[in-house]
Amino acid sequence: MPPITLTALARAGFVGLSDARSRLDELAALGGPPPQRFIELVVDVADPDAALERMLALLRRRPDETAGLFADPDAVHRLLQVIGASSGLAEFLMRRPEALGVFARPLESLPTESDLRQDLLESVGARDGVASIAGEDAWIALRARYRTRLTEIAAFDLQQSDPVDGIAAIARTLAALAGAALDASLAVARATASGTGPGTFPAADVAGTKLAVIGMGKTGAEELNYLSDVDVIFVVEGDEAAGVSSARAVDVGTRLATLTMRGIDEFAIEPPLWEVDANLRPEGKDGALVRTLESHLAYYDRWAQGWEFQAQLKARPIAGDPALGRRYTDALAPFVWSSAERENFVESVQRMRERVTANIPADEVDRQLKLGPGGLRDIEFTVQLLQLVHGHTDPTVRVAGTLPALAALAAAGYIGRAEAAEFARDYRVLRLLEHRIQLSELRRTHLMPRDEHRLRVLARATGLAAGADELTDVWAAVKRRVRGLHERLFYRPLLAAVAALPGDEGALTGEQALTSEQAQARLAAIGFVDPQGALQHIAALTSGVSRRAAIQRTLLPVMLQWFADGADPDYGLLTFRRLSEDLGGTHWFLRMLRDSSGAAERLTRVLSGSRFAGELLGLIPESVAWLDDDADLRARPRAALDDEVAAILDRHETPDAAARAIRAVRRREVLRLAFAGILGVANVTELAAGLTDITEVTITGILSAIRAEAPAPMEFAVIAMGRFGGRELGFGSDADVVYVFRPHDGVETEAVHPAALSIVSELNRLTDDARLPFELDLDLRPEGKNGTPARSLDSYRAYYQRWSLTWEAQALLRARGIAGDGGLLADFERLADSVRYPSSISERDVREVKRIKARVENERLPQGADPARHLKLGRGSLSDVEWLVQLQQLQHAASSPALRTTSTLDALTACVDLGLLEQADAERLREAWMLASRARSAVTLWTNKTSDLLPSERKALDGVARLLGYPRGSASALEEEYLAVTRRARAVFERNFYDS
């Protein structure tokens, strides 16, 4: 046979190529497989070099037992897989060559819990729970049998075609094996503790003492690793009929528990199996090792901390008296599933996870499979928190294992199916890595290796990658996914809100729902005016077995409380039902509300606080997606709006079609700004700028469509006036405008005037929106309502030269060109400058301004309106601030360019800078102007109607107050603040306007 080439060795996975060739020859000389056959057998072995070295060692030290396997290549292959993946098991086989027989008898399936328990009990000759041998001989026999079964399980595990998929079954079997070992060790403890010598008790006392071992952590959850600590709690019970009191049982039970632990983890000829950790018991290391059931219950009732209930979630009887163990877990379950009701429970679990991460040594953070960011603890803490919060009312999620819990949470709608599948896959991958690392040396560790060779071996052992670098990439990707999903689910506000619900809120939906009368009473108590109607909405949303209904049953108990915290919970719930009917069939809507960082709570604030937004949302239901991200609630840049409208004009051939699309854009952007205003994402000046931009874009786009359809030999422009010109629009504001045109050279004005009027008429028609009213107001044009809707530039010039009144110059202070031909816009603004910024203004004109202001106050207020509550014309409101500023502009703008602005607030700042107003006075004016502007918009948002009056009706006033950021029940507080602020502003106005 030709010699083995180095290339062939490298392809098989060998690293020490020269040594491998010589050792293969040595192996063959000792009676092992020929080199070529051996290479074929180790192609899928984790570490071929180590497998070869360990096979040689076995042959040298145990030639007879090892050679017996060589007749069966499959047995050799199984042996090589084990010793190539685990030095710990290879060392065990050196010590216990009789265990090599497991490779000749391969497992067709994993052993059951009862099979393992029977086998390990037999290893110590146990009968009726008592071993026939005692002391160290029994421990050695137990440990040897345990490791023999462990070797058998490892051989099965390493032969799986998909070890990721099979990890749960392996972990479950390892947990069963641990329970069997404890049962066998307890049997030895009973034999050892029975007698008359020191440390023993009468056999009757031992027999009359019931001891149950409760598995905690991974053992209880049936998720055990190859070498983990086994967390336990001991519970004991005496038999009064047999003369064993509780106190005596505690003494006997403590001895039995101590011996049981010693049999597992104290050093002997056969090394310890693993550490038995009883530190999760009441009071931890300082607490009694063994307690009666009554003592346990008393502790958990009075003293236990939140983390102790979280630990109990995985409690499971694993050894000893099964009936006592079941009584223990049954008695503790109510404590576990009510623990989320504790104050700040969710926050405490979150802080605990953060402390665990913070306490990882710095040089281990990036290597930790278990505790580090993106590790197993991120998944486990997330799943457990979801279980504890929702398991209070939903028994279907009360399961111990992480993977079963994920499945249950997904089935009940508490987590998305895609997210659950992703978490489950990544959990299995992390557990597989942990298993293979621990199997390697049978050593408890959760650290990824740094050494490239060990990483390469781990990649081959797991089948996750072809080499070290690829495995590192796989692990990094898992960590990123796990951490991202952990942060989304673990910190979502819905969890804390569900946990904080009083019990009767949680019972408004689902299987444990209250009776109709009880539910109506509860809904009325939390603030619903029509509880019967609310209950009908709840039933419509939650009835049935669909996934949509399941998620609604999760959402609604919390959302009902949030609705009740709003100003109009009945309207909020009604609108939510409509929205759910529109969007409930989509894949993202309910998932976003359940999983986002606050979209559900934001939606309730919008719906219960604003009919304006509620009605618009009904037209654009998909806009609810914006609530998940502040960036989506910011006003879109003007350039982006212009580009969108330009694209609309390119796509649509007729003005009507283009206008429909542009009006839809306006509705969408106004709703976006309404969300921002209601939720406090944008302030009043940002909202005004956004509303102004979308209004300008609407007019500009529709004007372009009209003019492209019917061109005329003229220039045409739209001039914004009033608050529109000042970029100070609020929700529900009209758009004050005037229109100007200029015929082309050689064309008479009269020839194009009809075309200009036609543009005005079309602009009014095409901007009119029944779904979101939009009025172009011409009242500020020359001659007011009696003037022509459109004038030529020459006509404006002639009018202002001959007939202009002071109020018209004042109106021009906020004139700003917004749409149409650029040259005409610039020329109109130059004409406006000559009128609104006069080189001087006479005393008579100043008196005229003051006279008109007084007349406005007396004559333009609606009949019966309280001047103290009128937001526009009332005392100390918008009108006072604007007239005072505009008077200063008329008097000083010609010599002070800083005053040449259409913005009221910018002009107010300039007045202070120029010494025309005291800083304190300006602050009082600014405060009043801002509050009145905000209140005016809030009235529209609350009622979906335009009004300039601060409401006097309590519910409406409270609704406005909530939109302004006041807490619930603040109607009087808003009223008092508004009256005080405007009273101070009025005093400033009178002193600086009338008395100056």
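Cut-offs applied
Residues numbered from 1 in each chain as written. Predicted model: local features only at pLDDT ≥ 70, side-chain atom pairs only at ≥ 80, totals over all residues. Heavy atoms only, no water. Helix = DSSP H or I, 4+ residues; strand = E, 2+ residues; numbered from the N terminus. Rg over C-alpha atoms; globule rule 2.2 N^0.38 Å. Buried < 20%, exposed > 50% of the residue type's maximum accessible area, 1.4 Å probe, protein only. Contact = heavy atoms within 4.5 Å. Areas by Shrake-Rupley, 256 points an atom, 1.4 Å probe, with all protein chains shown as cover. Lys, Arg positive; Asp, Glu negative; His and termini not counted. Charge placed at Lys NZ, Arg CZ, Asp CG, Glu CD. Expected span 1.5 Å × (residues − 1). 1 Å grid on protein atoms, 1.4 Å probe; cavity = no way out; pocket = protein on both sides within 12 Å on 5 of 7 lines; lining within 4 Å. Points joined across faces, edges and corners; volume = space filled by probe spheres on them. Nonpolar A, V, L, I, M, F, W, Y, C, P; charged D, E, K, R; others polar. Phe/Tyr/Trp six-rings, centres within 6.5 Å; stacked < 30°, edge-to-face > 60°. Lys NZ or Arg CZ within 6 Å of the ring centre and 35° of its normal. Pairing = 2+ DSSP bridges. Polar contact = N/O pair within 3.5 Å; in protein donor to acceptor, adjacent residues only side chain to side chain. Axes fitted to C-alpha atoms, helices over the stretch in contact; angles between N-to-C directions. Parallel < 35°, antiparallel > 145°, perpendicular 65-115°, else oblique. Salt bridge = Lys/Arg side-chain N within 4 Å of Asp/Glu carboxyl O.

**Focus: the overall build of the protein**
Argument step 1. Looking only at helices and strands, one finds 46 helices and 10 strands in the protein.
Argument step 2. Its C-alpha radius of gyration of 41 Å places the protein more than 25% over the 30 Å reference for a compact globule of 996 residues.
Argument step 3. Along the three orthogonal principal directions, the C-alpha set of the protein runs to about 125 × 80 × 55 Å.
Argument step 4. The burial tally for the protein puts 57% of its 996 residues in the buried class.
Argument step 5. Across the protein, every contact between residues at least 6 apart in sequence was considered, and the portion connecting residues at least 24 apart equals 72%.
Argument step 6. With an accessible surface of roughly 40,300 Å², the protein has 49% of that area assigned to carbon and sulfur atoms.
Argument step 7. Charged side chains in the protein number 118 positive and 140 negative. The centres of these two groups are separated by 1 Å.

**Quick word on helix 23 (residues 468-490)**
Argument step 1. Between its first and last C-alpha, helix 23 extends 32 Å over 23 residues, near the 33 Å set by a 1.5 Å rise per residue.
Argument step 2. Of the positions making up helix 23, those classed as buried are Ala 468, Leu 471, Trp 475, Ala 477, Val 478, Lys 479, Val 482, Leu 485, His 486, Leu 489 and Phe 490.

**Structural notes on empty space enclosed by the protein**
Argument step 1. For the structure on display, the rule yields 5 cavities of 30 Å³ or more.
Argument step 2. Its boundaries defined by the atoms lining it, the largest cavity holds a volume of some 60 Å³.
Argument step 3. Forming the walls of the largest cavity are Arg 78, Val 102, Phe 103, Arg 105, Pro 106, Leu 107, Glu 152, Ala 155, Phe 156 and Gln 159.
Argument step 4. When residues of the lining of the largest cavity are traced back to their parent elements, those giving at least two are helix 8 (101-104) and helix 10 (135-158).
Argument step 5. With 3 residues, the top contributor of residues to the lining of the largest cavity is helix 10.
Argument step 6. By residue class, the composition of the lining of the largest cavity is 6 nonpolar, 1 polar and 3 charged.

**A closer look at the packing of aromatic side chains**
Argument step 1. This model, assessed by the stated rule, comprises 16 aromatic pairs.
Argument step 2. Between Trp 588 and Phe 589 the ring centres are 6.1 Å apart and the planes differ by 85 degrees, which places this aromatic pair in the edge-to-face class.
Argument step 3. In this structure Trp 588 comes out as partly exposed when scored by relative accessible area, which is 21%.
Argument step 4. Over the face of the ring belonging to Trp 475 we find Lys 479, whose NZ or CZ atom lies 3.9 Å from the ring centre.
Argument step 5. A cation sits over an aromatic face here: Arg 666 above Phe 774, 4.3 Å from the ring centre.

**What about the environment of Pro 789?**
Argument step 1. Inspection of the secondary structure puts Pro 789 in the loop between strand 8 (776-777) and strand 9 (790-792).
Argument step 2. C-alpha of Pro 789 to C-alpha of Leu 757: the two residues are 32 residues apart in sequence and 6.8 Å apart in space.
Argument step 3. Residues contacting Pro 789, with those up to four places away along its chain left out, are Tyr 739, Leu 757, Val 760, Leu 778 and Arg 781.

**Notes on the pairing of strand 1 (residues 210-215)**
Residues in a regular strand project their side chains so that they alternate between the two faces of the sheet.
Argument step 1. Counting buried residues in strand 1 gives 5 out of 6 residues, a clear majority hidden from the surface.
Argument step 2. The sheet contact formed by strand 1 and strand 2 (residues 230-237) spans 6 bridges and is antiparallel. Paired with Gly 215 across the two strands is Val 232, which belongs to strand 2.
Argument step 3. In this structure, strand 1 lies alongside strand 5 (residues 316-320), joined through 4 bridges in antiparallel fashion. Residue pairing across strands places Val 213 opposite Ala 319, the latter belonging to strand 5.

**Quick notes on the layout of surface pockets**
Over the atoms rolls a probe the size of a water molecule, and its path tells where empty space is left.
Argument step 1. Approximately 850 Å³ is the volume found for the second largest pocket.
Argument step 2. Taken together, 25 residues form the lining of the second largest pocket, with Gly 217, Asp 231, Leu 280, Lys 370 and Arg 377 sitting closest to its centre.
Argument step 3. Where the lining of the second largest pocket is concerned, the elements lending two or more residues are helix 13 (217-220), helix 16 (306-312), helix 18 (345-358) and helix 19 (376-390).
Argument step 4. The element contributing the most residues to the lining of the second largest pocket is helix 19, with 4 residues.
Argument step 5. Split by residue class, the lining of the second largest pocket holds 7 nonpolar, 8 polar and 10 charged.

**Things to note about the side chain of Lys 853**
Argument step 1. Position of Lys 853 among the secondary structure elements: in helix 41 (residues 843-859).
Argument step 2. Residue class for Lys 853 comes out buried when judged on its relative accessible area of 0%.
Argument step 3. Side-chain polar atoms of Lys 853 contact the side chain of Glu 857, separated by 2.5 Å.
Argument step 4. A polar side-chain atom of Lys 853 sits 2.7 Å from a polar atom in the side chain of Asp 880.

**Brief notes about the packing of helix 27 (residues 531-542) against helix 28 (residues 547-565)**
Argument step 1. Closest axis-to-axis distance for the helix 27/helix 28 pair is 8 Å, and the angle between their directions is 150 degrees. Looking at the two axes, helix 27 sits roughly antiparallel to helix 28. In this structure, helix 27 uses Ile 538, Leu 541 and Thr 542 to contact helix 28, whose residues at the interface are Ala 549, Gln 552, Arg 553, Leu 556 and Leu 560.
Argument step 2. Here the contact of helix 27 with helix 28 is composed, by residue class, of 5 nonpolar, 2 polar and 1 charged.

**Considering the pattern of salt bridges**
Argument step 1. Going through the model one piece at a time under the given rule, you end up with 72 salt bridges.
Argument step 2. Of the charged contacts, one joins Asp 426 and Arg 481 as a salt bridge, the two residues approaching to 2.8 Å between their closest N and O atoms. Taken together, the residues Asp 426 in helix 21 (residues 417-441) and Arg 481 in helix 23 connect sequence positions 55 residues apart.
Argument step 3. A residue is classified by how much of its surface remains accessible, and Asp 426, at 2% relative accessible area, is buried.
Argument step 4. Between Asp 568 and Arg 611 there is a salt bridge, and its shortest N-O distance comes to 3.3 Å. Linking Asp 568 in the loop between helix 28 and helix 29 (569-583) with Arg 611 in helix 32 (residues 611-619), this pair joins segments that are 43 residues apart in sequence.
Argument step 5. Exposure remark for Arg 611: the relative accessible area of 36% places this residue in the partly exposed category.
Argument step 6. One network of salt bridges, in which partners are shared, links Arg 638, Asp 642, Asp 693, Glu 696, Arg 727 and Arg 816.

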